[in-house]
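Read off the chains here:
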Amino acid sequence: MTYMMNITSRSQSFNRRALGFNSPRAHRALLFSRLLRALIVIVSGVSVISFFLAVGSGYIHVLPSLSQAFQGFGVSVFNGSSDDCDAFDGSWVIDDSYPLYNASECPFAERGFDCLGNGRIDKDYVKWRWKPKNCDIPKFDVQTVLEMLRGKRIVFVGDSMSRTQWESLICLLMTGVEDKRSVYEVNGNKITKRIRYLGVRFSSFNFTVEFFRSVFLVQHNWVLKHAPKRVRSTLRLDKLDDIANQLVNSDVLIFNSGHWWVTGKLFGTGCYFQVGKSLKLGMPISTAFRTAIDTWASWVETKIDTNRTHVFFRTFEPSHWSDPALRYCNVTQQPSLETGGKAQSRFSDTVMEVVKNRNVPVNVLHITSMSAFRTDAHVGTWSDNASLSDCSHWCLPGVPDAWNEIFLSYLLANHRSSLP
């Protein structure tokens, strides 16, 4: 099946032309626009030179276009070119129609991610929209999306970054629901990081948006008999998490993993790798992650009916710690002009390689590079615990909304192409 995405040359959702943040001129224009809010700032001729030209050669054979980034998707572009549009090659642009929701009014946005509600004064960070270089992502139309999702089951699987995207999607969708009481967590749970399953039902539209916490995607088991004393638990790299059976009957699956695959969260806690009955004490983390993603890909191939279920994997989200060892976090007021070497990730590379080299019908949301500019959009000290800095998680509203806009655009493209 070929999915066609309707991307047009003119965006009707903006009251001024877009200014890309890949240029120093953006800083000056942003300041000017903030001082003269009554004026419409029109900036033209800004040459946006994509960072992919500098660092993208390592990806070009994997992601030359959307049709390869999202297997099966054909994309029309607005400039008359026959080339496909790479939705992840672009820039952040100012758009005064953003943000798309108020986190303080969304009961499913974690208090710790509501930066404005927690006292952040500068608001420019919520005004940035992601703009691909050669096309436009359709303006978010909540009623169209709600109707598309009617009767469906959408499931996020991963770590706290996945939960943030889950919360973002629910808050976006709630803007189109008149009776807010018709949207509820199915078990009456509050949204916290300690609960392994959360499911929010939109009863008026008969669909659910669910989250399963699975930070490694594979099984985490406690200590083996006769294991060395340093081994307190293992990751079964050859077995998917024991929640896997609960995922099968989904209409949309969105996976992520990466932030827990670090020495401190593994070996530092006594967690080592296991394949079958064999303990792999000397296995590097990169090899273990590759093995786990291969296991996940095999599960998708054998267990998921891809004629029904759309499978996505969202790549690694960069953190922006000024000093990771000291957990020092410096949140900027504007996006960075450079990606600071964070446009690439070994975790993202691994996912791309596995999907490319296997017959896995998976749509890869390659958000690593687009998120690398957003040093301004992390929680910082504007959480529910101001004594701790956080340059890993994102404020809501914010960057995860852009991930969801791209994700929803592809679902809509498929939905429209399947209509008689």
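The name recorded for the protein in an unreviewed UniProt entry is Trichome birefringence-like N-terminal domain-containing protein, from Rhododendron griersonianum. In its Sequence similarities (unreviewed entry) section, UniProt records this for the protein: "Belongs to the PC-esterase family. TBL subfamily." Database annotation for the protein, UniProt heading Subcellular location (unreviewed entry): "Membrane".

Draft legend 1. How the structure looks around the pairing of strand β5 (residues 153-158). With six of its six residues buried, β5 lies for the most part within the structure. Every second residue of β5 is oriented toward a common face, with Arg153, Val155 and Val157 on one face and Ile154, Phe156 and Gly158 on the other, all of them buried. Direction of pairing for β5 relative to strand β8 (residues 207-213): parallel, over a ladder of six bridges. Across the sheet, the residue bridging to Val157 is Phe212, located in β8. Bridging between β5 and strand β11 (residues 252-255) involves four bridges; their strand directions are parallel. When the sheet's bridge partners are listed, Phe156 is paired in β11 with Ile254.

Draft legend 2. Quick peek at the packing of helix α6 (residues 285-303) against helix α7 (residues 346-357). In the contact formed by α6 and α7, the axes pass within 10 Å of each other and the chain directions differ by 40°. When the axes of α6 and α7 are compared, the crossing they make is right-handed. Facing α6, whose interface residues are Ile285, Ser286, Phe289, Arg290, Ile293, Asp294, Trp296 and Ala297, α7 presents Arg346, Phe347, Thr350, Val351, Glu353, Val354 and Val355. In terms of residue class, the contact of α6 with α7 is built from nine nonpolar, two polar and four charged.

Draft legend 3. Quick look at the packing of aromatic side chains. Going through the model one piece at a time under the given rule, you end up with 19 aromatic pairs. Centre to centre, the rings of Phe216 and Trp261 are 5.4 Å apart; their planes meet at 90°, and the pair counts as edge-to-face. With Phe216 in the loop between β8 and β9 (218-222) and Trp261 in the loop between β11 and β12 (271-275), this residue pair connects regions lying 45 residues apart in the sequence. By the burial criterion, Phe216 is buried, and Trp261 matches it. With a centroid separation of 5.7 Å and an interplanar angle of 70°, the aromatic rings of Phe267 and Phe273 are classed as edge-to-face. Of the aromatic side chains, those joined through ring pairs into one cluster are Phe216, Trp260, Trp261, Phe267, Tyr272, Phe273, Phe289, Phe316 and Phe347. Here the basic side chain of Arg120 rests over the ring of Tyr125, its NZ or CZ set 3.8 Å away from the ring centre. For the cation-ring pair, Arg120 lies above Trp382, with the distance from its terminal atom to the ring centre recorded as 4.8 Å.

Draft legend 4. Focus on the nonpolar core. Ranked by size, the top nonpolar core spans 63 residues in total, and within it Phe202 and Phe407 carry the most contacts. Excluding residues that lie within four positions of it along the chain, Phe407 makes contacts with Ile154, Leu169, Val252, Ile254, Phe312 and Leu365. Val300, Met352, Val355 and Val360 belong to the second largest nonpolar core, which has 41 residues in total.

Draft legend 5. Looking closely at the state of the cysteines. Under the criterion given, the structure shown has three disulfides. Disulfide pairing places Cys106 opposite Cys171 at an S-S distance of 2.1 Å. With the S-S dihedral at roughly -90°, the linkage between Cys106 and Cys171 falls on the left-handed side. Of this pair, Cys106 sits in the loop between β3 (90-94) and β4 (128-132) while Cys171 sits in helix α5 (residues 160-174), and the two are 65 residues apart along the sequence. The same class applies to Cys106 as to Cys171, namely buried. A sulfur-sulfur separation of 1.9 Å characterises the disulfide bridge that pairs Cys329 with Cys391. What sets the handedness of the Cys329 and Cys391 disulfide is the S-S torsion sign, and at about 70° it is right-handed. Of the two residues, Cys329 is situated in strand β16 (residues 328-329) and Cys391 in the loop between α8 (368-372) and α9 (399-417); the sequence distance between them amounts to 62 residues. Cys329 gets classed as buried once you look at its relative accessible area, which sits at 12%.

Rules used in this analysis
Residues numbered from 1 in each chain as written. Predicted model: local features only at pLDDT ≥ 70, side-chain atom pairs only at ≥ 80, totals over all residues. Heavy atoms only, no water. UniProt positions renumbered as here; feature names shortened; annotations may be inferred. Buried < 20%, exposed > 50% of the residue type's maximum accessible area, 1.4 Å probe, protein only. Helix = DSSP H or I, 4+ residues; strand = E, 2+ residues; numbered from the N terminus. Pairing = 2+ DSSP bridges. Axes fitted to C-alpha atoms, helices over the stretch in contact; angles between N-to-C directions. Left-handed = near helix turned anticlockwise from the far one by under 90°. Contact = heavy atoms within 4.5 Å. Nonpolar A, V, L, I, M, F, W, Y, C, P; charged D, E, K, R; others polar. Phe/Tyr/Trp six-rings, centres within 6.5 Å; stacked < 30°, edge-to-face > 60°. Lys NZ or Arg CZ within 6 Å of the ring centre and 35° of its normal. Core = buried A, V, L, I, M, F, W, Y, C linked by side-chain atoms within 4.5 Å. Disulfide = S-S within 2.5 Å.

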